[in-house]
Amino acid sequence: MIIGCSASQKLAASVADLLDDRLCPVETRKFPDGERYIRVKGEVDGEVTVVQSTGSPQDENLMELLFMMENLKDLGADYVRAVIPYFGYGRQERRFKSGEAVSARIVARLLEAAGADEIITVNLHENCLSEFFTVPVTELSAMPLIARHISFLDDPVIIAPDKGAMGHAREVSSILGCECDYMEKVRLSPETVETRVRDLDVEGMDAVVVDDIISTGGTIVNAAGILRNCGASSITVCCVHPVLVEDALLKIFSAGVERVIATDTLKSEVSEISVAPLIAEAIK
């Protein structure tokens, strides 16, 4: 049985269709004071998969997922699999300043306490997050889906906006059989720092900027400006998780980007690629 919570109902329906599995109807709403109401409208037993991204509004979506899993166990589910395509609170995996809460670890403990027997997620921002769980965690990569989606480009070069995203760029470029590089900051003098493509000449090429998350879009805007100045013939931006806050899309398109492509781990106007086949295969 597949259950789709509020943030991922369409994705859950697609997964259930691919698996020829039962999609259980649920009722979710808020009371006038803002508290959540959850009701499963079907018989529960055996193995149940709950699909819910915990993006904005993070607190509401996370609380709904916790309520759902504990409720399913109480209703008779033997095994609850939590599919969390976008793992909210996953960027604070350590204490950067004294006194900070390690939110990723806290969320992991809450999920297990609520009854999660297994976690499936897509492209965690920090790989170490799986270490916070004692239950099995499967991290899927959407990069092959992105690579296939942009295979129409004739002469692409894959660019990571910083060194941290180079692993994603390499994964896409290896599938497409093209070159990849990353942006690096080079100190020209004590007062001057320049950001540029590290090794490749991108003049006349279709530049594809690949990252896992686009939030405010500032990093992408900076990368697009550099690629345009270097003579790239076109600029396409791809990401797995389109968080897209603070007019991020407007800023990115204003920077000269032709296309922004994302998956449906989060709902957005650029979520062209479905991760449902990826999730269905993992469940199978």
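### Remarks on the pattern of salt bridges
And step 1. Applying the stated criterion across every chain, the model contains 10 salt bridges.
And step 2. The partner of Glu 27 in a salt bridge is Arg 29, and the shortest N-O contact between them spans 3.1 Å.
And step 3. Owing to a relative accessible area of 23%, Glu 27 belongs among the partly exposed residues under this scheme.
And step 4. Between Glu 93 and Arg 94 there is a salt bridge, and its shortest N-O distance comes to 3.3 Å.
And step 5. According to the relative accessible area criterion, Glu 93 is buried, its value standing at 12%.
And step 6. Given the relative accessible area of 47%, Arg 94 is considered partly exposed.
And step 7. Linked by salt bridges that have partners in common, Lys 30, Arg 36, Glu 60 and Glu 64 make up one network.

### So, the environment of Asn 71
And step 1. Turning to its location among the elements, Asn 71 is positioned in helix α2 (residues 58-75).
And step 2. On a C-alpha basis, the gap between Asn 71 and Tyr 89 in space is 23 Å, while along the polypeptide they are 18 residues apart.
And step 3. Residue contacts for Asn 71: discarding those within four places in its chain leaves Ile 38 and Val 40.

Cut-off values and rules
Residues numbered from 1 in each chain as written. Predicted model: local features only at pLDDT ≥ 70, side-chain atom pairs only at ≥ 80, totals over all residues. Heavy atoms only, no water. Salt bridge = Lys/Arg side-chain N within 4 Å of Asp/Glu carboxyl O. Buried < 20%, exposed > 50% of the residue type's maximum accessible area, 1.4 Å probe, protein only. Helix = DSSP H or I, 4+ residues; strand = E, 2+ residues; numbered from the N terminus. Contact = heavy atoms within 4.5 Å.

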